[in-house]
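Observations on the three-dimensional arrangement
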Amino acid sequence: MDIQEFFEQSAGKWFSHRTSHHLAFKQSESGKSDIVIETLANDHPEVIKLCEQYEVDPTLASCGARVSWNGTMEWDEEKHVGSTVLVSVPDSENPQEGKLLREIGYAEKVPVAGRYIMGSDGALTLITEYETMSSEERLWFASPNLRMRVSVLKRFGGFSMASFTSEIRMGGATSAATQETETSSAST
């Protein structure tokens with residue numbers, strides 16, 4: 001499996017349940033989210049815009065995705081709602097690895113470029129260095145409709161958090177073209 005196949009397999013609506021362990025506080029919390037993942041072709045305007053933001057030639061991008069979420073965390077009464085665009089840019093010498101451009105980061109809500117590694121087992125590992133922390137995430141499919149994710153977040157100075165997430169597909173795959181077609185059909 002390559003990064004494009006992983007994005008394509010991830011497309012759709014997911015129910016996500018996460019348990020996070022705050023190691024410094026020796027406490028855990030759970031959260032739930034609805035996540036929608038749409039694939040974007042490498043010539044999609046949002047993919048091109050993000051590549052230009054990072055001064056990357058858009059023709060080097062292999063694919064993109066728009067990820068939207070709406071969820072809650074146990075300790076937090078406010079809703080966590082947002083979306084981001086992701087773009088993969090494979091290394092020319094090893095296409096199973098490369099840059100992952102993000103419109104908004106996972107650990108810090110700022111644009112960030114990290115690295116990805118597609119393992120021979122089909123698991124995707126994301127490594128991101130932020131200004132004040134670093135994160136490493138591993139995602140894999142237990143079955144076509146069950147995706148697992150583990151992550152470790154390290155703040156400079158030692159504070160860490162570990163999370164386990166299970167994501168269950170709630171519907172079929174979604175691409176930006178499919179979404180636009182469905183929207184056009186609904187309005188006519």
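If you check an unreviewed UniProt entry, the protein chain appears there as Chromophore lyase CpcS/CpeS from Gloeocapsopsis dulcis AAB1 = 1H9. Taken from UniProt, the Sequence similarities (unreviewed entry) comment for the protein chain reads in full: "Belongs to the CpcS/CpeS biliprotein lyase family." According to the UniProt record, the Function (unreviewed entry) comment for the protein chain reads "Covalently attaches a chromophore to Cys residue(s) of phycobiliproteins."

1. Digging into the overall build of the protein chain
Along the backbone of the protein chain there are three helices and ten strands. Along the protein chain, helices and strands appear, N-terminal first, in the series α-β-β-α-β-β-β-β-β-β-β-β-α. A buried classification covers 40% of the 188 residues belonging to the protein chain. Within the protein chain, counting contacts between residues at least 6 apart in sequence, those at least 24 apart form 48% of the total. Carbon and sulfur atoms make up 53% of the accessible area of the protein chain, which totals about 10200 Å².

2. Quick word on the environment of isoleucine 37
Relative to the helices and strands, isoleucine 37 is located in strand E2 (residues 27-40). Residue isoleucine 37 is classed as buried on the basis of its relative accessible area, which comes to 5%.

3. Things to note about unusual backbone geometry
At glutamate 55, a position not held by glycine, the phi torsion is positive, near 55°. As for its placement among the helices and strands, glutamate 55 is situated in the loop between helix H2 (45-53) and strand E3 (63-73). In this structure glutamate 55 comes out as exposed when scored by relative accessible area, which is 76%.

The rules behind these values
- Residues numbered from 1 in each chain as written.
- Predicted model: local features only at pLDDT ≥ 70, side-chain atom pairs only at ≥ 80, totals over all residues.
- Heavy atoms only, no water.
- UniProt positions renumbered as here; feature names shortened; annotations may be inferred.
- Helix = DSSP H or I, 4+ residues; strand = E, 2+ residues; numbered from the N terminus.
- Buried < 20%, exposed > 50% of the residue type's maximum accessible area, 1.4 Å probe, protein only.
- Contact = heavy atoms within 4.5 Å.
- Areas by Shrake-Rupley, 256 points an atom, 1.4 Å probe, with all protein chains shown as cover.

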